[in-house]
Amino acid sequence: MMHPETHLALHHARAAELRAQADAYRLTAGTRRSYRLRTRLGWTLVEVGLRLAATAPRTAPAL
C-alpha cells in the first residue's frame, strides 16, 4: 500500500508532466489553426441543431 503523501507527490508530478505536454501541443501553429476551425465548426453545428429544434415538426401524412 502506498503512503498517501507519496501518492499525492506522484500525482502532482504526473499532472505537471501532462500540463507541460498540453502546453507544448497547444503552442504549435497548426494546432491553433485546427482548433479555431474545430471551434467554428462546432458552433455552426450547434446553430444548425438549434434551428432544427426550433422549427415546427412536420407530421407524416396519414396513409
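Attention here is on the structure that accompanies the text. (Residues numbered from 1 in each chain as written. Predicted model: local features only at pLDDT ≥ 70, side-chain atom pairs only at ≥ 80, totals over all residues. Heavy atoms only, no water.)

As a further point, take the overall build of the protein chain. When helices and strands are tallied, the protein chain shows 2 helices and 0 strands. Burial status across the protein chain gives 2% buried among its 63 residues. With an accessible surface of roughly 6,300 Å², the protein chain has 66% of that area assigned to carbon and sulfur atoms. (Helix = DSSP H or I, 4+ residues; strand = E, 2+ residues; numbered from the N terminus. Buried < 20%, exposed > 50% of the residue type's maximum accessible area, 1.4 Å probe, protein only. Areas by Shrake-Rupley, 256 points an atom, 1.4 Å probe, with all protein chains shown as cover.)

Turning next to the pattern of salt bridges. Between side chains of opposite charge, a pair can form when the charged atoms approach closely. Tallied over the full model, the rule gives 2 salt bridges. Among the ionic pairs, E17 bridges to R14, the shortest N-O distance being 3.3 Å. With E17 and R14 both in helix 1 (residues 4-26) and 3 residues apart, the pair spans about one turn of that helix. (Salt bridge = Lys/Arg side-chain N within 4 Å of Asp/Glu carboxyl O.)

In this section: a nonpolar patch on the surface. The grouping of W43, V46 and L50 at the surface amounts to a nonpolar patch, some 350 Å² of accessible area in total. By relative accessible area, which is 60% here, W43 ends up exposed. (Patch = residues over 30% accessible without salt bridge, like charges linked within 9 Å, V, L, I, M, F, W, Y side chains within 5 Å.)

Shape is all these values report; function is a separate question.
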